[in-house]
Amino acid sequence: MNDSGALLPWLVIREDDNGNRYRVGRYATRAEAQKVADSLDDRGHKQLYWVERMGQTATMN
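Throughout what follows, the structure given in this document is the object of discussion. Residue numbers run consecutively from 1 along every chain, following the written order of its sequence. This being a predicted model, a pLDDT of at least 70 is required before a residue's local features are given, and a value of 80 or more before pairs of side-chain atoms are given or counted; all residues contribute to the totals for chains, interfaces and linings. Values shown for side chains rest on all heavy atoms present in the structure; no hydrogens or waters enter the calculation.

## Let's talk about the nonpolar core
So, point 1. Buried Ala, Val, Leu, Ile, Met, Phe, Trp, Tyr and Cys residues that are joined via side-chain atoms within 4.5 Å together make up what is termed a nonpolar core. The cut-offs for exposure are 20% and 50% of the maximum accessible area for each residue type, with area from a 1.4 Å probe on protein chains only; residues under the lower value are buried, those over the upper are exposed, and the others partly exposed. Core analysis: the largest hydrophobic core is formed by 8 residues, namely Trp10, Val12, Tyr27, Ala33, Ala37, Leu40, Tyr49 and Val51.
So, point 2. For this core, the secondary structure elements donating two or more residues are strand E1 (10-15), helix H2 (30-41) and strand E3 (48-53).
So, point 3. Secondary structure elements follow DSSP: runs of H or I no shorter than four residues count as helices, runs of E no shorter than two count as strands, and numbering proceeds from the N terminus. Of all the elements, H2 adds the most residues to this core, at 3 residues.
So, point 4. Non-local contacts of tyrosine 27, meaning those with residues more than four positions away in its chain, are made with Leu8, Pro9, Trp10, Val12, Glu32, Ala33 and Val36. Residue contacts follow a heavy-atom distance rule, with two residues in contact if any of their heavy atoms lie within 4.5 Å.

## Overview of the pattern of salt bridges
Think of it this way: side chains of opposite charge can pair up when their charged atoms draw near.
So, point 1. One side-chain nitrogen of Lys or Arg within 4 Å of one carboxyl oxygen of Asp or Glu is enough to make a salt bridge. Within this structure, the stated rule accounts for 1 salt bridge.
So, point 2. Between glutamate 15 and arginine 21 there is a salt bridge, with the nearest N and O atoms lying 3.0 Å from each other.
So, point 3. Since its relative accessible area comes to 19%, glutamate 15 is described here as buried.

The following block contains the structure:
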């Protein structure tokens, strides 16, 4: 069994205008995840993006 959580422990999370949270992607390093979050944030939309390590997140839809 392949535990991809161990290989891709960093998540990019998006919160929309209604407070709904979604996992955008999973990444191997915090730096990689932060680069993606920053790139999405730079688009100027009102959604919030941030990086979390797996196991530190609330339940996602």
